[in-house]
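Residue-level structural notes
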Amino acid sequence: MSADDFSILLLTLRVAAIATLVILPFGIYAAWHLARRGGAARTLFETLLSLPLVLPPTAVGLLLLEVLRTRGPLGRLLDRAGIEILFTWKAVVLATAVMSFPLLVRPVRTAFEEIDPRLLAMGRSLGSGPAAVFRRVALPLAWRGILAGILLAFSRALGEFGATIMIAGSIPGRTQTMALAIFQRTHIGQDDAAMRLVGVTVVLAFAAVWTTEILTRRHTKRTGT
Amino acid sequence: MIELDLTLPLPRFHLRVAASLTANTVAVLGPSGSGKTSLLETIAGLRPRATGRIALDGEVVMDTAAGVFLPPEKRRVGYVPQDSCLFPHLDVAGNVRFGMRASNGEAALFEEVVGILEIAPLLARFPSAISGGERQRVALARAIATAPRLLLLDEPLAGVDPALKGRILPYLLRVRDRLQIPFLYVTHNAGEARAVAHEAIVLREGALTFAGAPDEALRSTSLVDPEARFDNILSGTFGAARGVREPASLQVGQALFAVPADESARPGATAVFSVAPDDVLVSTQPLEGISARNVHPGRILSCDVSGATAWPRIAAAGIEWTARLTRASAEELGLKPGLDVWIAVKSHAFRRLR
């Protein structure tokens, strides 16, 4: 691996880690409410959440670009506050966060749904308020699902391409993650250099998915008392 | 003092209970699906659709007309569900401590509860690694450790084999007598109700059909609950010791019974035994030359029949007994109120409860 490869790897890992951390509280919050509610509102919310999974990533990227551009609704506010997002590493974080969010929510929601609601009721009856029951009963019982969600979201973040290139471009040293670098190197005929990065991504993805598999399998096998 | 005047819509009927319960221990009887568990959950605050009024020792925890609905965590009610519902991610100690408030008396209360329920050897183990009877004791300890003003016990002995039942029932009585925590006790077993409770209510299809003394409930329960078991509960004192190999004698009122001896059967010590209705033999002829140690003349009080089973109640040796016979044999014997009979009970049919 060259020094260049290494800094690309670091940037990718850093961006993916930050994106995963940023969406973690929101993801857990969304999963908790989805697991506990029913009805049309839930279906609508769930569909909206899943859109990034099925839309072309470039379409999501373009939507984000529309919202964030200087003359856009949010962009004007950010511009006034002196916050620059588009075509910086923050844009990479934003794109990967949006694309990874549904992958975080799904396993966490499943884990929450598997909790016997009577255990939550017992927690209340034993003197804990809703927030304390969430912290002391729901979170510990769902930790495998949460870990699986984190790994899935992180893996997805490592490989994000379409939305990223729309709002962050592919600026070497600033916004060029591995997925973007592989494309660019192939484009300019550096196939060997691209292949080195492919090797790194394969190792990373393998490790992440392998761990997720083990976690989720243990989770489904575990039986209640 | 538990004041109830509540309504809860259930899939098949409405639970409607209006009662003022003054006894410290109240048995809740009734067939399966009659709303007993729903009643406990409503009192615990776990049924948001309930309406009406609930006051515990004068404090209103629910009065929907006045917009009062205390959440479960504010009611200070200890609920022990039928399947114990322990937290699988916490060890026994973690479960017991779950509801303890940080206060000065905490350590002492923990020690006391662990001692009374004899769960010290289990503290480091997880719920999946202990037996059903142990789980029930832990669930009971967990509820008591919150220092509740009322305990709600949902069939704590259901599905527990008779030997184990004999071991748990004394813990309940200890909780009642030593910790002075009042409780509502859901059970199918009228004998258990009589041993544990001072007052009983009977539910049927969500409606209150009886409130009063457990003994009276026993008589009416055979009509509302064909599944109920009517263990005969005898409470007495041990008589003078005989030989080591001999059964002990238990004096109940004026009558003496031969019961299995153990090391605690010192003369003058009090004891409670149960006898299953299946173990009470009924004869219309005087019994002689029979191996059973306890033979007493008596008279049939009533003979309820449900399905293929007959439940004669017999006054004998100053006690009301419930026996269980097949309907066919009850008819062959011609059992009807007023008939003179003899009952026979083997000494080993007496199971020590405390």
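Residues numbered from 1 in each chain as written. Chains lettered and ligands numbered in written order. Predicted model: local features only at pLDDT ≥ 70, side-chain atom pairs only at ≥ 80, totals over all residues.

Along chain A, the regular secondary structure elements total eleven helices and zero strands. Listing every helix and strand of chain A by position from the N terminus yields α-α-α-α-α-α-α-α-α-α-α. Expressed along its principal axes, the backbone C-alpha trace of chain A runs to roughly 65 × 40 × 25 Å. When the 225 residues of chain A are sorted by exposure, 38% land in the buried category. A sequence separation of at least 24 residues applies to 77% of the contacts in chain A between residues at least 6 apart. (Helix = DSSP H or I, 4+ residues; strand = E, 2+ residues; numbered from the N terminus. Buried ≥ 20, exposed ≤ 12 C-beta atoms within 10 Å, placed from the backbone. Contact = placed C-beta atoms within 7 Å.)

Assigned secondary structure in chain B consists of eight helices and 22 strands. Computed over C-alpha atoms, the radius of gyration of chain B comes to 22 Å, within 12% of the 20 Å expected from 2.2 N^0.38 for 354 residues, which places it in the range of a compact globule. In terms of overall dimensions, chain B has C-alpha extents of about 65 × 45 × 35 Å along its principal axes. Within chain B, the fraction of its 354 residues that count as buried is 42%. For chain B, long-range pairs separated by at least 24 residues make up 69% of all intrachain contacts whose partners lie at least 6 apart in sequence. (Rg over C-alpha atoms; globule rule 2.2 N^0.38 Å.)

The next point concerns the environment of B:Arg16. Residues and elements named next belong to chain B. The residue Arg-16 is located in strand S2 (residues 14-21) in this model. Considering only alpha carbons, one finds Arg-16 and Pro-127, 111 residues apart in sequence, at a separation of 36 Å. The contact partners of Arg-16, leaving out residues within four places of it in the chain, are Thr-7, Gly-206 and Ala-207.

Before going further, it helps to spend a moment on the sheet that holds strand S12 (residues 232-238) of chain B. Residues and elements named next belong to chain B. Pairing in this open sheet of five strands is antiparallel, and the strands run S14-S13-S12-S15-S22 from one edge to the other. Edge positions in the sheet fall to strand S14 (255-259) and strand S22 (351-352), since each has one partner strand and no second. Sheet analysis places strand S13 (residues 248-252) next to S14, joined by five bridges and oriented antiparallel. Note on S14: the bridge partner recorded for Ala-248 is Val-259. (Pairing = 2+ DSSP bridges.)

Here we come to helix H4 (residues 132-144) of chain B. All names here are of chain B. In this model H4 runs 18 Å from its N-terminal to its C-terminal C-alpha over 13 residues, within 8% of the 18 Å that 1.5 Å per residue would give. For H4, a buried count of eleven out of 13 residues is recorded, marking the element as mostly surrounded by other parts of the structure. Every buried residue of H4 is accounted for by Glu-134, Arg-135, Gln-136, Arg-137, Val-138, Ala-139, Leu-140, Ala-141, Arg-142, Ala-143 and Ile-144. (Expected span 1.5 Å × (residues − 1).)

As a further point, take the confidence of the model for chain A. Residues shown with low pLDDT carry predicted positions that ought not to be read at fine detail. Mean pLDDT over chain A works out to 90, with 96% of the residues at or above the 70 mark. Throughout residues 221-225 of chain A the model reports pLDDT below 50, and contacts reaching past four residues in sequence, or to other chains, amount to six contacts. (pLDDT = per-residue confidence, 0-100.)

Contact with chain B, which involves 20 residues of that partner, is made by 15 residues of chain A. The residue inventory of the side of chain B that touches chain A, partitioned by class, reads 13 nonpolar, four polar and three charged. (Nonpolar A, V, L, I, M, F, W, Y, C, P; charged D, E, K, R; others polar.)

Turning next to the packing of helix H3 (residues 57-68) of chain A against helix H5 (residues 89-113) of chain A. Residue and element names in this part refer to chain A. One way to put it is that H3 packs onto H5 with a least axis distance of 11 Å and a crossing angle of 125 degrees. The orientation of H3 with respect to H5, classified from their angle, is oblique. Read as a crossing pair, H3 and H5 show a hand that is right-handed. Where H3 abuts H5, its residues Pro-57, Val-60, Gly-61 and Leu-64 lie against Leu-94, Ala-95, Val-98 and Met-99. Taken together, the residues of the contact of H3 with H5 sort by class into seven nonpolar, one polar and no charged. (Axes fitted to C-alpha atoms, helices over the stretch in contact; angles between N-to-C directions. Parallel < 35°, antiparallel > 145°, perpendicular 65-115°, else oblique. Left-handed = near helix turned anticlockwise from the far one by under 90°.)

This part is about the confidence of the model for chain B. With 90% of its residues at a pLDDT of at least 70, chain B reaches an overall mean of 85. Listed scores for the predicted complex are pTM 0.76 and ipTM 0.84.

A few words now on the nonpolar core. One finds A:Ala95, B:Val28, B:Ala141, B:Leu152 and B:Tyr185 to be the most contacted residues of the largest nonpolar core, which totals 151 residues. Of all the elements, H5(A) adds the most residues to this core, at 15 residues. Not counting chain neighbours up to four residues away, the residues in contact with A:Ala95 comprise A:Gly61, A:Leu64, A:Glu160, A:Ala163, A:Thr164, A:Ile167 and A:Ala168. (Core = buried A, V, L, I, M, F, W, Y, C linked by C-beta atoms within 7 Å.)

All names here are of chain B. Even without a glycine there, the phi angle at Arg-76 is positive, about 55 degrees. Position of Arg-76 among the secondary structure elements: in the loop between strand S6 (68-69) and strand S7 (77-80). Judged by C-beta crowding, with 19 C-beta atoms within 10 Å, Arg-76 ranks as partly exposed. Phi is positive for Cys-85, which is not a glycine, with a value near 50 degrees. By the secondary structure assignment, Cys-85 is in the loop between S7 and helix H2 (92-97). Among the residues examined, Cys-85 registers 23 C-beta atoms within 10 Å and is labelled buried.

Attention now moves to the pairing of S2(B). Residues and elements named next belong to chain B. Two elements, strand S1 (residues 2-9) and S2, share eight bridges in a ladder whose sense is antiparallel. Looking at S2, one finds that Glu-3 is bridged to Ser-20. In textbook terms, the turn of a hairpin is the stretch between consecutive antiparallel strands, and for S1 and S2 this stretch comprises four residues.

All names here are of chain A. Two elements in contact, helix H2 (residues 40-54) and H5, have axes separated by 8 Å at closest approach and are oriented at 120 degrees. Considering the angle they form, H2 stands oblique to H5. Considering how the two elements wind past one another, H2 and H5 form a crossing that is left-handed. Contact residues: Leu-49, Ser-50, Pro-52 and Leu-53 in H2; Val-98, Met-99, Phe-101, Pro-102 and Val-105 in H5. Within the contact of H2 with H5, the residues separate by chemical class into eight nonpolar, one polar and no charged.

Along the chain, B:Arg178 turns up in helix H5 (residues 162-178). Here the alpha-carbon distance between B:Arg178 and B:Ile116, two residues 62 residues apart in the chain, equals 9.1 Å.

Further remarks concern the environment of B:Ala44. In this structure, B:Ala44 sits in helix H1 (residues 36-44). Under the C-beta neighbour-count criterion, B:Ala44 is labelled buried, with 22 such atoms within 10 Å. With 17 residues separating them in the primary sequence, B:Ala44 and B:Val61 have C-alpha atoms 9.4 Å apart. In this structure B:Ala44 touches A:Ser125, B:Pro72, B:Arg75, B:Val77, B:Tyr79 and B:Leu152, once residues within four positions along its chain are discounted.

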